[in-house]
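Structural features, examined
Chain by chain, the residues run as shown.
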Amino acid sequence: MTHKIAVLAGDGIGPEIVDQAVKVIDCLQRELGWQVEMEQAPVGGAGIDHAGHPLPEATLRLAKAADAVLLGAVGGPKWEALDIAIRPEKGLLGLRSELQLFANLRPALLYPQLVHASTLKPEVVSGLDLMIVRELTGDIYFGKPRGIRTLENGERQGFNTMVYAEHEIERIGRVAFESAMKRGKRVCSVDKANVLEATELWREVMTRVAKDYPQVQLSHMYVDNAAMQLVRAPKQFDVMVTGNMFGDILSDCAAMLTGSIGMLPSASLDSKGKGMYEPIHGSAPDIAGKGIANPLATILSVAMMMRYTFNDIKSAAVIEAAVQEVLVEGLRTADIYTAGTHKVGTEEMGDAVVAAMIRNIWRAETGGDASAEKRCMREGGLTNGID
Ligand code: IPM
Ligand code: MG
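Rules of the game
- Think of each chain on its own: its residues are numbered from 1, step by step along the sequence as written.
- Both sets of labels track the order of writing: A upward for chains, 1 upward for ligands.
- It should be noted that, the model being predicted, local features are given only for residues of pLDDT at least 70 and side-chain atom pairs only at 80 or more, the latter also being counted only at that level, while totals for whole chains, interfaces and linings use all residues.
- Calculated side-chain values reflect all of the structure's heavy atoms, with hydrogen atoms and water omitted.
- As used here, the term nonpolar core means buried Ala, Val, Leu, Ile, Met, Phe, Trp, Tyr and Cys residues forming a set that is joined through side-chain atoms within 4.5 Å.
- Buried means the residue's accessible area, taken with a 1.4 Å probe over protein chains only, is under 20% of the maximum for its type, while exposed means over 50%, and partly exposed covers the values in between.
- Helix and strand labels come from DSSP, where a helix needs a run of H or I of at least four residues and a strand needs a run of E of at least two; each type is numbered from the N terminus.
- Where each domain begins and ends is defined by an automated method or by a domain database.
- Any two residues having at least one pair of non-hydrogen atoms within 4.5 Å are treated as being in contact.
- Convention adopted: a line fitted to C-alpha atoms gives each axis, helices being fitted over their contacting stretch, and angles between N-to-C directions are expressed from 0 to 180 degrees.
- Throughout this description, any angle smaller than 35 degrees is read as roughly parallel, any larger than 145 degrees as roughly antiparallel, any in the 65 to 115 degree range as roughly perpendicular, and the remainder as oblique.
- The hand of a helix crossing depends on one turn: near helix anticlockwise from the far one by less than a right angle means left-handed, and clockwise means right-handed.
- Put simply, Ala, Val, Leu, Ile, Met, Phe, Trp, Tyr, Cys and Pro go in the nonpolar bin, Asp, Glu, Lys and Arg in the charged bin, and everything else, Gly too, in the polar bin.
- An expected span of 1.5 Å times one less than the residue number is assigned to each helix.
- When we speak of the arc, we mean the arc of directions from the helix axis to the C-beta atoms.

1. Details of the nonpolar core
Core analysis: the biggest nonpolar cluster contains 93 residues, and I5, L130, M240, M306, I319, V353 and M357 have the highest contact counts within it. Ranked by residues supplied to this core, first place goes to helix 12 (residues 346-365) with nine residues. Split by domain, the residues of this core number at least three in each of domain 1 (1-102 + 270-387) and domain 2 (112-137 + 166-261). Apart from residues no more than four positions distant in its own chain, M306 is found in contact with L28, W34, N311, D312, S315, A316 and I319. If you look at the next biggest cluster of nonpolar residues, it comprises 17 residues, including A6, V43, V74 and L99.

Quick look at the structure:
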């Protein structure tokens, strides 16, 4: 069966980092016989430039027809003056809502090699392994009414609506509990139930859903406290489930615990496992085109794609092990660089991950026989990583 992936690189550093992720997919195809068809299309600012819309119809069609979507990042100063309704970000939000990708998984995992890249003390973050489950198609992001209106006194007023229906809370709750069942069996639901009715209902529904998962321990936390706890003692959390807005903020905060936002992948899933995979960082226009962006979050997003959409645990593990290895080898892009490590650019990092993947795949195939492994690599025209 041929897997179809829509590749939407987007803006800023998007194309550079997506190129590296595509190399990883090519490698799976070449080395593991994984059948894949990749097709590119513009989104965000690139969509505006190519087709006058952040989510061109052809791009949406491609994304709908694909089994999975690989996305880079959207946005940049070039399009900031545009009306909010047609800004690059609308491309991303449109994909999320059109594809009904309501469940956003944002794991924050600290690689032991990066413990000193975090701004927090090593003892606070080492061993961190947290999963943020963010609701992605509801809340104040999509709630109506919304807009900017003029009051009777002539003053303008901006307004948005925070809204959650029970079924939306219930289905994201189930995703969180299912995730917790495969992990540490603890869910912390984050809300602002002391002030906002929408989240009072959130808390009530979460408590109800928890009854179906007696093995999972549910706790509740107000979002302000959750932000504080994330930087005070982040290891107390296993799975954190929250709404769209709070999840946006808390996941950036959690990202920094791991040393760099350049390390964090994400999966946005519908109810059938179709997904869009993207790094959680943005388009970083300040470093775009310089070849210094960290491609690891995007590469790790491909690993999530293998795991969640294609149920291919082996490929996911091959990618994740390769990422781990390049970090062990001391390779670092600028965002995770610390003294004594080796600074590399975007391409070099991508190539190193692919080389590590090939090494491991062949090592497995040759049963650890070093001479057979070297022969294989020479035959494949690859000498990377061997003498
Ligand atoms: C994210 C981003 C997006 C969001 C923006 C780019 C619309 O910050 O994926 O976290 O707010 O959801
Ligand atoms: Mg965000």
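Next, the rest of the story.
2. Side note on the packing of helix 1 (residues 14-32) against helix 10 (residues 296-308)
Taken N-terminus to C-terminus, the directions of helix 1 and helix 10 make an angle of 40 degrees; their axes are 8 Å apart at the nearest point. Between helix 1 and helix 10, the angle falls in the class oblique. As helix 1 packs across helix 10, the resulting crossing turns out to be right-handed. Between helix 1, through I17, V18, Q20, A21, V24, I25 and L28, and helix 10, the contact on the second element is made entirely by T298, I299, V302 and M306. In terms of residue class, the contact of helix 1 with helix 10 is built from nine nonpolar, two polar and no charged.

3. A look at helix 7 (residues 197-210)
With 14 residues, helix 7 extends 20 Å from end C-alpha to end C-alpha; this agrees with the ideal 20 Å at 1.5 Å per step. Within the span of helix 7, buried status applies to A198, T199, W202, V205, M206, V209 and A210. When helix 7 is viewed along its axis, its buried side chains cluster within an angular range of 140 degrees and face the same direction. On its buried side, helix 7 packs onto strand 5 (129-135), helix 6 (166-181), strand 8 (186-191), strand 9 (217-222), strand 10 (239-242) and helix 9 (244-257).

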